[in-house]
Structures are given as C-alpha cells and as structure tokens.
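The residues making up each chain are set out below.
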Amino acid sequence: MNGTSQLGDFLRSRRSQLRPDEAGVPTYGERRRVPGLRREELAMLAGVSASYYARLEQGHSLGASPEVLDAIAQALRLDGSERRHLHDLARSAKPRSRRRPAPEVLTEPTAQLLDALGDIPAIVIGRRSDVLAWNRMGHALFAGHLDPGAPEVPAERPNMARLVFLDAHTRDLYVDWPGKAKAVVGNLRLVAGQYPQDSALHTLLGELSAKSEDFASMWADHRVKACSVAEYEMRHPLVGSLTVMQQTLNQGPGPGIVVATNAAGSPSRAALDLLAQAVTQAVAQAVTQAVTQAVTPAVTPAVTQAVTPAVTPAVARTAPARPDSRLSTG
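All figures in this text were calculated on a predicted structure; none of them were measured in a lab. (Residues numbered from 1 in each chain as written. Predicted model: local features only at pLDDT ≥ 70, side-chain atom pairs only at ≥ 80, totals over all residues. Heavy atoms only, no water.)

A. Broad picture of the overall build of the protein chain. Check the secondary structure of the protein chain and you find 15 helices and five strands. Looking at the 330 residues of the protein chain, the share that counts as buried comes to 39%. The long-range fraction of contacts in the protein chain, counting pairs at least 24 apart against all pairs at least 6 apart in sequence, stands at 56%. Accessible surface computed for the protein chain: about 18,700 Å², of which carbon and sulfur atoms make up 55%. (Helix = DSSP H or I, 4+ residues; strand = E, 2+ residues; numbered from the N terminus. Buried < 20%, exposed > 50% of the residue type's maximum accessible area, 1.4 Å probe, protein only. Contact = heavy atoms within 4.5 Å. Areas by Shrake-Rupley, 256 points an atom, 1.4 Å probe, with all protein chains shown as cover.)

B. Representation of the sheet that holds strand β3 (residues 229-236). Spatial strand order, β2-β1-β5-β4-β3: five strands in an open sheet with antiparallel pairing. The open sheet terminates on both sides in strands that have one partner only, identified here as β2 (131-134) and β3. Averaged over all pairs of adjacent strands, the angle between strand axes in this sheet comes to 30°, irrespective of strand direction. With five bridges connecting them, strand β4 (residues 240-249) and strand β5 (residues 256-261) associate as antiparallel partners. Residue pairing in the sheet places Leu-249 in a bridge with Ile-257 of β5. Against the sheet, helix α7 (residues 108-116) touches β1 (122-125), β2 and β5, its axis set at about 160° to β1. (Pairing = 2+ DSSP bridges. Axes fitted to C-alpha atoms, helices over the stretch in contact; angles between N-to-C directions.)

C. Layout of the environment of Ala-260. Along the polypeptide, Ala-260 turns up in strand β5. Residues Ala-260 and Met-137 lie 123 residues apart in sequence; the distance between their C-alpha atoms is 9.6 Å. Once you skip the residues sitting within four places of it in the chain, Ala-260 turns out to touch Ile-120, Pro-121, Leu-141, Phe-142, Val-244, Met-245 and Leu-272.

D. Expanded view of the packing of aromatic side chains. Under the criterion given, the structure shown has four aromatic pairs. Relative to Trp-219, the ring of Phe-215 lies with its centre 5.7 Å away and its plane at 15°, an arrangement referred to as stacked. Of this pair, Phe-215 and Trp-219 both sit in helix α13 (residues 213-220), four residues apart, which is roughly one turn of the helix. A connected cluster of aromatic rings, assembled from ring pairs, spans Phe-165, Trp-177, Phe-215 and Trp-219. Against the face of Trp-219 rests Arg-189, its NZ or CZ located 3.7 Å from the ring centre. (Phe/Tyr/Trp six-rings, centres within 6.5 Å; stacked < 30°, edge-to-face > 60°. Lys NZ or Arg CZ within 6 Å of the ring centre and 35° of its normal.)

E. Focus on helix α12 (residues 199-211). Spanning 13 residues, α12 covers 18 Å between terminal C-alpha atoms, matching the ideal 18 Å at 1.5 Å per step. Listed in full, the buried residues belonging to α12 are Leu-201, Leu-204, Leu-205, Glu-207 and Leu-208. For α12, the angular spread of buried residues about the axis comes to 160°, placing them on one side. Opposite the packed face of α12, turned more than 90 degrees from it, sit the exposed residues Thr-203 and Ala-210. Of the surrounding secondary structure, the elements contacted by the buried residues of α12 are α9 (160-166), α11 (177-194) and α13. (Expected span 1.5 Å × (residues − 1). Arc of directions from axis to C-beta.)

What follows is the structure in structure tokens.
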C-alpha cells in the first residue's frame, strides 16, 4: 500500500460514485458505460486539464497544490473528512524519509481521567483501534467476555476493529452492525492516510481483508468517516437493550478516550446503572474470594497439625468400644 496508489484509488472511487446529474453535467440522453463522471468531466469541473487529472489518478503527478486539491474536492462534493483525507493522501504520495510512528502509551493524565470517569463506560483507543486501557464499566459494556487485564500487556491488547469484524460477541452487541462496521472502516481509512508508514496498521488491514469479506468489501469502497460522535443501539448479554452515545475525547494526535453516555432518566440509563451494580458485585465477590484463598492455606495446615494429632489418639484411648446392638440381641 503506497501513497500514489491510495490517492488514485480514492479519486477513482469518488468519481465513479458521483453521477452527472448530481454534479450538474448534462448528458443529453447519451448512453454511458458507467454511471459516474468521466475523467474529462471532472477535470472540467475542477478547472484543470484532462491530461493533468489523468496523471494525478495514475500516480504520475505528485506535486498537486492545495488549491488544486481543494478544487477537485469541491468538484467531487467531498465533505470535510474526505477533503482532509485527500490532502493526507497527496502528502503521503510525495517522496520523503520513512519514519516509523512512535509507539502509543497510556499517559498518567489519561489514566487519571479514565479513573475519574467512574461509572461512565470509557476505553482509551490508539490510532489503530488498539485498546490501551479501559475502566471497569468500559470493559463490562464493550468486551466483558475478555480478560479485564488484557490491555496492560501490549502483545495481548484487544483491537476494536478486529473485534467488530472477527468476534461474534462484539458483532451481536450492535443492533445495526453494518453501520458500526462502516464507521470503523471509515475511521481506519482516515488513519491510513495520516500514517502511511505505519507497518503495524498495514498488517492489521491485511489481516482483516483476508479474514473478513465484509471488511474487504467496505474497504474497497474508499469511504472515509471520522467517528467522533455516534449513537448505537446495543444488545448487552447482561442488561439487555440500551442505546448509547459514543463520543471520542481527543487532544491532538495521541490516543483518544471513547465514552458511552445516555440521557438521564431513560431506560438506557437504567440499564447502565444495572450494569454498574453487576460490576460492583462482581468486584466485591472477587475480592472476598481472593482474601479467602489468601487466608485459608495459612490457617488450615496449622489447625490440622496442632489439633488433630493431639485429640484423636486421646479420644481413641479413653472411649471404650461399644458392642454392636444388633449382634448383642441375638
């Protein structure tokens, strides 16, 4: 996956999905082989030559100015996220030194914020959708079937994109799974444009494309979407149906915190409160069990050794054997 091929693929996909009537291009009843715009038609709308635009799609022209890119974005009717993605792809297509992105870590301020959120479900997500941390409610809501300590081990960190496409529990969690899946793919498209040198990201995309036909189909569509705020209806195995507003809190290029909220007094808030009670009870039971296991091995051997040998022989010596009543009545 390189910048020039991504740029060309993105332009072709957007051009093929924009019909002439949507772009204001007259066809005069002409029969067309494809429903989308032709290269020369888009070039005319963007105010560039057809040959220049063709070279841009083919990856032979790497010096497109921001003004030209904005003109093409306007001709293609791109939204804000798609426009930024186009500029990212154009930058990644230019030759430059290859620098590996810095590893993502959970900072102390982020960890404190995660803890302060309390009963608000929250997870810390890296650029590749790796879970760097979660609070108890975040784990219970999004991935209660997984080990709660998994994010603490880099090699075992759950990946939300992988869970959405390859994990049956997560797939069943979302009522509108296709909508959630498209949002995940759209966000990964944005990240791929911003971090073209991220080999771990390319490995993840290759794995998902190979293991999930749904992902491969959605990825080929080249849709991009920023997943900053979205509402999802969920089917939770413990508390049933609930609707949550997922929002990503982000300060710059680092990891973001995804929080799940809902309206006060709503049935969904009641479901979250019930889940919080279940989490609290589970934690209390786990603590009690841990204390019991820690104390019992230390006490039982001592009691057994100190009491049993001293009492049992004495009882055996002083207690006379009683005859079997059934035999003595014979």
